[in-house]
Amino acid sequence: MTFFLHEARYRDLAPAAERLVTICGAGALGANLAETLARMGLHKLRVIDYDRISAHNLSTQPWTQQDIGALKVHVLAHALSRAVAARVEAQPVMLTNQNAQKLVRGSAVIIDAFDNLPARAAVSAAAATHNIPCLHIAIGSSGDYGCGLWDAAYPLDAYERAAANTQPADHCDYPLTRPLALLVAAAAAEVLVGYLIDGSQRQFECTLRDLRLVTT
């Protein structure tokens, strides 16, 4: 594909290009990751998110002022189709325990980019039911740390216990800059492509203050 000349010179993406990648969440991490994967040559994406675009999303997410008020997944699907002919299956619904298994069915891999524990838990349970590998990506509350952990290493139960002892909060209300969002999305894209090509399940941590990236 002439669109992906530079990627093709770096590695053969053919084994990954047509496998279905499901991204749960189209916020700062999910939307930027979807765009990165599509432009790398992965043309079969499913994105799940019921949220609409707000003005405060414009600084960290790939939207324009004209998109405000529209459903994120619809804008993303149209934009990536126009840009690189990516086939994005838009799912403008709230993922819950009741519908998660249906929403992720058929995926080669799942990325959990949600920002709240109930949705993360529902994704994790659905992935386990279907035996689909799931990569959880997140940004820390400090606003300068991000990580990507595969399901077996993701301490969801510990996070749930901690959340049970705190007051409910807006999980989107944390410091966030576009460089960190793009850094985490880029690292996640590399990890995902590695998995799709050779089955490797690397994990990563990155910090913005010292620009340190550690993968395992």
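In this report, the structure presented in the accompanying data block is examined. What you see is a predicted model, and the numbers here were worked out from it, not measured in a lab. (Residues numbered from 1 in each chain as written. Predicted model: local features only at pLDDT ≥ 70, side-chain atom pairs only at ≥ 80, totals over all residues. Heavy atoms only, no water.)

## Topic: the pattern of salt bridges
Oppositely charged side chains are able to pair whenever their charged atoms sit close together.
Then comes step 1: Applying the stated criterion across every chain yields a total of 5 salt bridges.
Then comes step 2: With its nearest N and O atoms 2.6 Å apart, the salt bridge here joins Glu18 to Arg87. On the criterion of sequence distance, the pair formed by Glu18 in the loop between helix H2 (14-17) and strand S1 (21-24) and Arg87 in strand S3 (residues 87-91) is long-range, its members being 69 residues apart.
Then comes step 3: Of the charged contacts, one joins Asp51 and Lys72 as a salt bridge, the two residues approaching to 3.5 Å between their closest N and O atoms. (Salt bridge = Lys/Arg side-chain N within 4 Å of Asp/Glu carboxyl O. Helix = DSSP H or I, 4+ residues; strand = E, 2+ residues; numbered from the N terminus.)

## Remarks on the packing of helix H3 (residues 30-40) against helix H8 (residues 178-198)
Then comes step 1: The contact between H3 and H8 brings their axes to 9 Å, and the two run at 50°. With respect to each other, H3 and H8 are oriented oblique. Between H3 and H8 lies a crossing of right-handed hand. Between H3, through Asn32, Leu33, Thr36, Leu37 and Met40, and H8, the contact on the second element is made entirely by Arg178, Ala181, Leu182, Ala185, Ala188, Ala189, Glu190, Leu192 and Val193.
Then comes step 2: Looking at the contact of H3 with H8 residue by residue, the classes come out as 10 nonpolar, 2 polar and 2 charged. (Axes fitted to C-alpha atoms, helices over the stretch in contact; angles between N-to-C directions. Parallel < 35°, antiparallel > 145°, perpendicular 65-115°, else oblique. Left-handed = near helix turned anticlockwise from the far one by under 90°. Contact = heavy atoms within 4.5 Å. Nonpolar A, V, L, I, M, F, W, Y, C, P; charged D, E, K, R; others polar.)

## Digging into the environment of Ala189
Then comes step 1: When you line up the elements, Ala189 lands in helix H8.
Then comes step 2: Remark: the alpha-carbon pair of Ala189 and Met40, spanning 149 residues in sequence, is separated by 8.9 Å.
Then comes step 3: Look past the residues within four positions of Ala189 in its chain and what remains in contact with it is Leu33, Thr36, Leu37 and Met40.

## Examining the side chain of Gln61
Then comes step 1: Here Gln61 is to be found in the loop between strand S2 (44-48) and helix H4 (72-84).
Then comes step 2: Here the side chain of Gln61 touches Trp63 through a polar contact of 2.7 Å, side chain to side chain.
Then comes step 3: Side chain to side chain, Gln61 and Lys72 meet in a polar contact 3.2 Å long.
Then comes step 4: Residues contacting Gln61, with those up to four places away along its chain left out, are Ala26, Gly27, Ala28, Asn32, Lys72 and Arg178. (Polar contact = N/O pair within 3.5 Å; in protein donor to acceptor, adjacent residues only side chain to side chain.)

Without other data, these values stay purely geometric and don't point to any function.
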